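Coordinate inspection notes
Okay, here's what each chain looks like letter by letter:
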Amino acid sequence: MTLNKKLLISFSTLVLIIIIIIIPLLKLNSDLTSVSRSLQLASRNNAIAERINASSMFIKSSRNQEDEKTAREELNHQFMLLKKSLLVLSEGGDAPEMNQLIVIKPAGEEQRYAIGNVQELLHQLDSTIYKPMITEPITISVKISHRYSLPGSTEIKTFSSDSLIENPAFKEAFSRLIQQYNQNILLNACTSVTELFATRYNSLSASFNNYLYLSIFAILLCVTIVSFVIIRMVKRPLAAISDVAKEMAGGNVSRRISHQSNDEIGDIARHINHLSQTIQHTASFITSVGNGDFNAAYQVEVNTAIDEKNNLPLATLNMRDKLRMVSEEETKRNWVTAGLARLSEINRSLDSADEKMYDTYLQFIVKYMNANQGGLFIINDDNEMNPVFNLVACIAYGRKKYQEKELALTEGLIGQCYLENDIVYITDLPQTHLTITSGLGESMPRCLILLPLKTNDKTIGVIELASFEEIDQYKLEFLKKTCESIATLIVGLKSNIKTNRLLQQTQQQTEEMRAQEEEMRQNMEELMATQEELDRKRLEMDSRMDAINRSIATIEFSTDGTIMAANDKFLKLFKYSLQDVTGKHHSVFLEPAQRNTPEQLHFWESLKNGNNIENQFRYIDADASVIWLSGIYAPIFDRHNTVVKIIFFARDITAQKTIG
């Protein structure tokens with residue numbers, strides 16, 4: 001067998017071993033990428049579960065039908081999106097409603113089981129909570145019949161009226177929603193699925209790293225063995241290069257063989273030198289990549305004509321590129337997450353009624369986006385007939401600029417962004433638009449971006465940024481999320497500012513009232529002259545009240561419903577003594593199911609506000625028998641027009657109700 005054939009067999013064996021080593025590494029990388037996508041989709045499901053809970057809560061608290069309809073549509077949309085995401089996560093396919101096309105591979109058996117549990121839970125919640133929350137009205141109209149008789153007549157007439165009551169189906173669904181929300185049932189189920197994928201991802205990542213280092217060691221070992229075999233085959237004719245060959249066999253590949261010839265030995269020397277250099281650069285390159293240096297130079301010539309599976313340098317570069325891609329995606333996600341976290345810290349540290357927050361928000365965005373200039377325009381609708389944009393903050397090179405500017409709603413690029421209610425991104429700027437000025441001169445920015453500040457699909461302002469660098473897509477997505485958060489806070493700020501103005505007006509009116517009090521004191525002498533007349537009338541009033549107490553049941557309450565006093569007629573009607581009821585709450589006369597209800601809280605809140613409540617009331621006496629009273633709850637005011645107590649004047653109509 002010729003030397004050429006022996007060398008061919010040796011190198012073929014080496015390449016085959018390298019391919020055998022690299023292929024599982026690529027397979028591990030592919031699996032790692034697939035699990036990473038599944039983990040991304042599973043993580044988004046956690047956010048969807050939180051939005052489902054938020055939308056469900058907002059249905060109950062909606063102030064009008066439009067908000068209620070929007071909340072129901074949002075709940076239905078997020079619910080269907082979660083079902084689709086779970087199906088794709090289990091069976092594989094294109095991830096729904098993602099910013100870019102992400103193909104998900106079918107999940108493993110353990111993940112499928114966990115996803116199946118979430119799907120089953122989602123089905124149960126759909127029938128018991130979300131479907132009633134989406135389809136059932138909050139209140140329903142019922143017919144209530146009333147019977148009455150005319151004075152002096154025994155004929156009983158009946159009439160009916162419509163009354164709105166809380167829908168039992170919606171109430172039951174909302175009660176279950178509160179229980180589910182307090183226990184985080186849906187969110188915990190989604191989180192458990194995410195944790196399974198995270199565990200799988202961490203396991204694959206560890207396996208990938210371990211196999212990578214093992215591959216490097218195996219390649220080096222194989223090269224060493226092949227080199228040793230070649231040296232053994234040509235030891236006698238290669239005495240001149242034996243020292244170098246021995247060092248290579250020992251793992252030292254830094255030295256080169258100096259022998260040069262055109263025969264097979266010369267070919268061997270050249271191949272060994274090339275192989276030694278390739279191994280040295282490959283090992284150094286792989287070590288650098290393993291340490292996170294994806295820009296390390298790979299000083300090995302790559303022959304692209306060779307198939308990638310049999311091409312170590314090309315396979316190594318492809319491995320580097322794929323690892324870099326995974327690292328860049330992770331860096332982008334961390335960048336967005338860190339930015340949103342810093343924005344949350346800023347929100348917690350700011351005073352919600354301070355207009356300086358405009359400068360703080362804009363300065364954060366300009367600095368974090370590495371932009372050079374920025375402006376914040378807010379709609380001023382004080383003049384409803386002619387609303388305009390006001391420049392409330394302006395930042396250039398990290399410093400606040402004191403400028404005042406006012407624009408019409410349809411003027412320039414700001415107006416275009418407002419009318420289209422969408423991002424305006426321009427990279428080909430006109431020469432006359434703007435320049436970025438520094439101590440060394442002026443330059444045109446490379447891009448300009450305008451983003452609407454939207455809340456509930458309503459634009460309240462526009463942020464304008466100019467930069468020397470073009471803005472990547474993931475940064476645009478970050479800006480969208482940031483603008484949504486800032487828009488919500490600015491709406492609150494404007495509301496607080498208006499509230500402060502009203503408070504100042506109220507304080508001014510209070511000062512005017514104090515001045516009027518002085519004038520009232522001057523009239524006190526005249527009032528003293530009428531005091532005797534008032535005393536006489538008070539005696540007359542006491543006589544009348546005594547007559548009322550003998551004919552009408554009365555009871556006095558404090559403003560929180562605590563019983564203060566009751567006349568004999570009331571106590572006799574309810575079979576209590578005054579000592580039995582004094583200090584107790586009004587609810588002692590109510591059936592247990594009617595106590596501590598929202599209606600009762602509203603009832604006493606209305607009385608505290610000075611409102612009379614006249615109606616027919618159903619109560620129970622000391623023996624739990626039903627008592628029907630017709631009367632009025634009347635607040636009693638002091639001289640400062642403050643409610644100090646409530647008196648209930650009542651007439652017993654139990655007999656009429658029983659006959660009816």
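Anything mentioned here points back to the structure above.
Residues numbered from 1 in each chain as written. Predicted model: local features only at pLDDT ≥ 70, side-chain atom pairs only at ≥ 80, totals over all residues. Heavy atoms only, no water.

Section: the overall build of the protein
Under the convention used in this document: What counts as a helix is a DSSP run of H or I of at least four residues, what counts as a strand is a run of E of at least two, and both are numbered from the N terminus. Under the convention used here, a 1.4 Å probe and the Shrake-Rupley method define accessible areas, while residue burial counts only the protein chains that appear.
Of the regular secondary structure elements, the protein holds 17 helices and 18 strands. When the accessible area of the protein is evaluated, it comes to approximately 39,500 Å², of which 51% is carbon and sulfur surface.

Things to note about the sheet that holds strand 17 (residues 626-637)
Going by this rule: Paired strands are those between which DSSP finds at least two bridges. The convention used is that axes are lines fitted to C-alpha atoms, helices contributing only their stretch in contact, and that angles between N-to-C directions extend from 0 to 180 degrees.
Across the sheet, 5 strands lie side by side as 15-14-18-17-16; this open sheet has antiparallel pairing. Two strands in the sheet have a free side with no partner beyond their single neighbour: strand 15 (563-566) and strand 16 (613-620). When the angles between neighbouring strand axes are averaged without regard to direction, this sheet yields 30°. In the sheet, strand 14 (residues 553-557) pairs with strand 18 (residues 643-652) via 5 bridges, with the strands oriented antiparallel. Residue pairing in the sheet places Thr 554 in a bridge with Phe 649 of strand 18.

Examining the pairing of strand 5 (residues 373-380)
Filter applied, for reference: Exposure categories follow from relative accessible area, calculated using a 1.4 Å probe and restricted to protein chains: below 20% of the type maximum is buried, above 50% is exposed, and the middle band is partly exposed.
Along strand 5, 7 of the 8 residues are buried, which leaves the element largely enclosed by surrounding structure. Note that strand 5 and strand 6 (residues 388-396) share 8 bridges and pair antiparallel. In the strand pairing of strand 6, Ile 378 is matched with Asn 390. The pairing of strand 5 with strand 13 (residues 458-467) spans 6 bridges and is classified as antiparallel. Following the sheet pairing, Gln 373 is matched in strand 13 by Ala 466.

Observations concerning the packing of helix 2 (residues 65-91) against helix 3 (residues 109-135)
Keep this limit in mind: Any angle that falls under 35 degrees is termed roughly parallel, while one over 145 is termed roughly antiparallel, one within 65 to 115 roughly perpendicular, and all others oblique. Throughout, a crossing is termed right-handed when the near helix is turned clockwise from the far one, and left-handed when it is turned anticlockwise from it by less than a right angle. The contact rule is simple, with two residues in contact once any of their heavy atoms fall within 4.5 Å. Think of it as three bins: nonpolar holds Ala, Val, Leu, Ile, Met, Phe, Trp, Tyr, Cys and Pro, charged holds Asp, Glu, Lys and Arg, and polar takes everything else, Gly as well.
Packing of helix 2 against helix 3 leaves a shortest axis separation of 11 Å and a crossing angle of 165°. By the criterion of interaxial angle, the relationship of helix 2 to helix 3 is roughly antiparallel. Every pair of crossing elements has a handedness; the one defined by helix 2 and helix 3 is left-handed. Between helix 2 and helix 3, the residues in contact are Arg 72, Leu 75, Asn 76, Phe 79, Leu 82, Lys 83, Leu 86, Leu 87, Leu 89, Ser 90 and Glu 91 and Arg 112, Ile 115, Val 118, Gln 119, Leu 122, Asp 126, Tyr 130, Pro 132, Met 133, Ile 134 and Thr 135, respectively. Tallied by class, the residues present in the contact of helix 2 with helix 3 amount to 13 nonpolar, 4 polar and 5 charged.

Structural notes on the packing of aromatic side chains
Rules: For this analysis, a ring pair means two rings from Phe, Tyr or Trp (six-membered ring only for Trp) whose centres lie within 6.5 Å, classed as stacked if their planes differ by under 30 degrees, edge-to-face if by over 60, and tilted for the remaining angles.
The final tally for this structure, using the stated rule, is 19 aromatic pairs. Aromatic pair Phe 557 and Tyr 633: ring centres 6.3 Å apart, planes at 35°, arrangement tilted. Here Phe 557, found in strand 14, pairs with Tyr 633, found in strand 17; they are 76 residues apart in sequence, far enough to count as distant. The two residues Phe 557 and Tyr 633 agree in class, both being buried. On the basis of an interplanar angle of 55° and a centroid distance of 4.9 Å, the ring pair of Phe 574 and Phe 589 is categorised as tilted.

What to know about a nonpolar patch on the surface
Basically, it comes down to this: The residues that make up patches have over 30% relative accessible area and no salt bridge, and they are joined within 9 Å when like-charged or within 5 Å when they are Val, Leu, Ile, Met, Phe, Trp or Tyr. A pairing counts as a salt bridge when a side-chain nitrogen of Lys or Arg comes within 4 Å of a carboxyl oxygen of Asp or Glu.
On the surface, a nonpolar cluster with roughly 570 Å² of combined accessible area is contributed by Leu 214, Phe 217, Leu 221, Ile 225, Phe 228 and Val 229. Following the sequence through the fold, Leu 214 ends up in helix 5 (residues 185-233). Assessed through its relative accessible area of 49%, Leu 214 is described here as partly exposed.

Points about the pattern of salt bridges
Counted under the stated rule, the structure contains 7 salt bridges. Asp 621 is the salt-bridge partner of Lys 575, the closest N and O atoms lying 3.7 Å from each other. Residue Lys 575 is found in the loop between helix 14 (568-574) and helix 15 (578-581), and its partner Asp 621 is found in the loop between strand 16 and strand 17; the two are separated by 46 residues along the sequence. When its relative accessible area of 48% is taken as the criterion, Lys 575 is described as partly exposed. Judged by relative accessible area, Asp 621 falls into the buried class, the value being 4%. Residues joined by salt bridges that share partners form a network here, namely Lys 575, Asp 621 and Asp 623.

What about the packing of helix 3 against helix 4 (residues 168-183)?
The interhelical angle for the contact between helix 3 and helix 4, taken along N-to-C directions, is 120°, at an axis separation of 8 Å. Classified by the angle between their axes, helix 3 and helix 4 sit oblique to one another. Where helix 3 crosses over helix 4, the two elements pack in a sense that is left-handed. On helix 4, the residues that touch Leu 125, Thr 128, Ile 129, Tyr 130, Pro 132 and Met 133 of helix 3 are Ala 169, Phe 170, Ala 173, Phe 174, Arg 176, Leu 177 and Gln 180. Taken together, the residues of the contact of helix 3 with helix 4 sort by class into 10 nonpolar, 2 polar and 1 charged.

Considerations on the nonpolar core
As a reminder of what qualifies: Buried Ala, Val, Leu, Ile, Met, Phe, Trp, Tyr and Cys residues that are joined via side-chain atoms within 4.5 Å together make up what is termed a nonpolar core.
Counting residues in each nonpolar core, the largest one holds 68 residues, and the members touching the most others are Ile 52, Leu 82, Leu 89, Tyr 130, Met 133, Leu 186 and Phe 197. Sorting the residues of this core by element identifies helix 1 (3-61), helix 2, helix 3, helix 4, helix 5, helix 7 (264-290) and helix 8 (312-349) as the ones contributing at least two each. Residue contributions to this core peak at 16 residues, all from helix 5. With sequence-adjacent residues up to four places away left out, Met 133 is seen in contact with Ser 56, Ile 59, Arg 72, Leu 75, Phe 170, Ala 173, Phe 174 and Leu 177. Counting residues in each nonpolar core, the second largest holds 35 residues, with Val 336, Tyr 361, Ile 365 and Ile 497 among its members.

Examining unusual backbone geometry
Here Asn 370, not a glycine, exhibits a phi torsion of approximately 60°, which is positive. In this structure, Asn 370 sits in the loop between helix 9 (357-368) and strand 5. Classification of Asn 370 as partly exposed rests on a relative accessible area of 45%. Positive phi values are uncommon outside glycine, yet Lys 575 reaches one of about 65°.

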